[in-house]
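Here's the letter readout for the chains.
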Amino acid sequence: TLISYLAYLNDRWNVTPRLELAGTARLNETHIIPSHGSIYDVGALDPHLAAAYRLGKSLSLRATYDHITVAPLPLEVDRTDSTNVGPNGNPAPFTALAPETADNLTYSIEGAGRTQFRATYYVDNERNLIDVLPVNFRSASAAGQPPGVGIPTNVGNLRARGLEVWL
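Residues numbered from 1 in each chain as written. Predicted model: local features only at pLDDT ≥ 70, side-chain atom pairs only at ≥ 80, totals over all residues. Heavy atoms only, no water.

**Student:** Help me understand the pairing of strand S3 (residues 40–55) in this model?
**Tutor:** As defined by bridge partners, strand S2 (residues 19–32) adjoins S3 across 14 bridges and the pair is classed as antiparallel. By the bridge assignment for S3, Ala25 is matched with Pro47. Pairing of S3 with strand S4 (residues 59–70) involves eight bridges; the strand directions are antiparallel. The residue bridging Ala51 from the neighbouring strand is Ala63, located in S4. Counted along the chain from S3 to the antiparallel partner S4, the turn is three residues long, and its residue Gly56 has a positive phi close to 75°. (Pairing = 2+ DSSP bridges. Helix = DSSP H or I, 4+ residues; strand = E, 2+ residues; numbered from the N terminus.)

Written out as structure tokens, the structure reads:
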């Protein structure tokens, strides 16, 4: 069982006729009650910031920063099917999961008018990604033995950079 709460606070400011700023705060909290294992909570206060500056009538620059926190999903926190047992018949161990988090930055130039376009450079850094791995994956691999049953676990980070063009 997951019980989630979410609240937003947002405002936008037109500092000058050309400069617009925006800010959002997202408060989220998830109370996790697994069928087997300990009850735990995950939550965060996530900011979102944006600035847009118009260059003339048809061009604008935009920059955004977004921090995102995502609680584990129901099938990640509660795996109770009958096939989730190890070779010795014992159930897979319970593991509390950290929420997945991400920091996203974008820088764009946008054009309006007859030919519309947007070129965006982005940087994403995602942490605590969740995947299903055997609980003894590293020790079994080092010993040359087959790994045990897979359980959801925080496995690592994803870092991405790129350029996106829309015409």
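**Student:** Any chance you could explain the environment of Gly162 here in plain terms?
**Tutor:** Checked against the element boundaries, Gly162 lands in strand S7 (residues 150–166). For Gly162, a relative accessible area of 14% gives the class buried. Between the C-alpha atom of Gly162 and that of Leu59, which follows or precedes it by 103 residues, the distance is 21 Å. Once residues within four sequence positions are removed from consideration, Gly162 is found in contact with Thr120, Tyr121 and Tyr122. (Buried < 20%, exposed > 50% of the residue type's maximum accessible area, 1.4 Å probe, protein only. Contact = heavy atoms within 4.5 Å.)

**Student:** Any chance you could explain the pattern of salt bridges here in plain terms?
**Tutor:** Close approach of charged atoms lets side chains of opposite charge pair. Under the criterion given, the structure shown has five salt bridges. Note that Glu110 and Arg62 form a salt bridge whose closest N and O atoms lie 3.1 Å from each other. Linking Glu110 in strand S5 (residues 100–111) with Arg62 in strand S4, this pair joins segments that are 48 residues apart in sequence. Relative accessible area serves as the criterion here: at 15%, Glu110 is assigned to the buried category. With a closest N to O distance of 3.3 Å, Arg118 and Glu110 form a salt bridge. Residue classification places Arg118 among the partly exposed residues on the basis of a relative accessible area of 37%. One network of salt bridges, in which partners are shared, links Arg62, Glu110 and Arg118. (Salt bridge = Lys/Arg side-chain N within 4 Å of Asp/Glu carboxyl O.)

**Student:** So what exactly am I meant to see when it comes to the pairing of strand S1 (residues 2–14) here?
**Tutor:** Remember that side chains alternate between the two faces of the sheet whenever the strand is regular. S1 sits mainly on the outside: zero of its 13 residues count as buried. The sheet contact formed by S1 and S2 spans 13 bridges and is antiparallel. Within S2, the position partnered with Trp13 by the bridge is Leu21. Here S1 folds back onto S2 in antiparallel fashion, the turn holding four residues.

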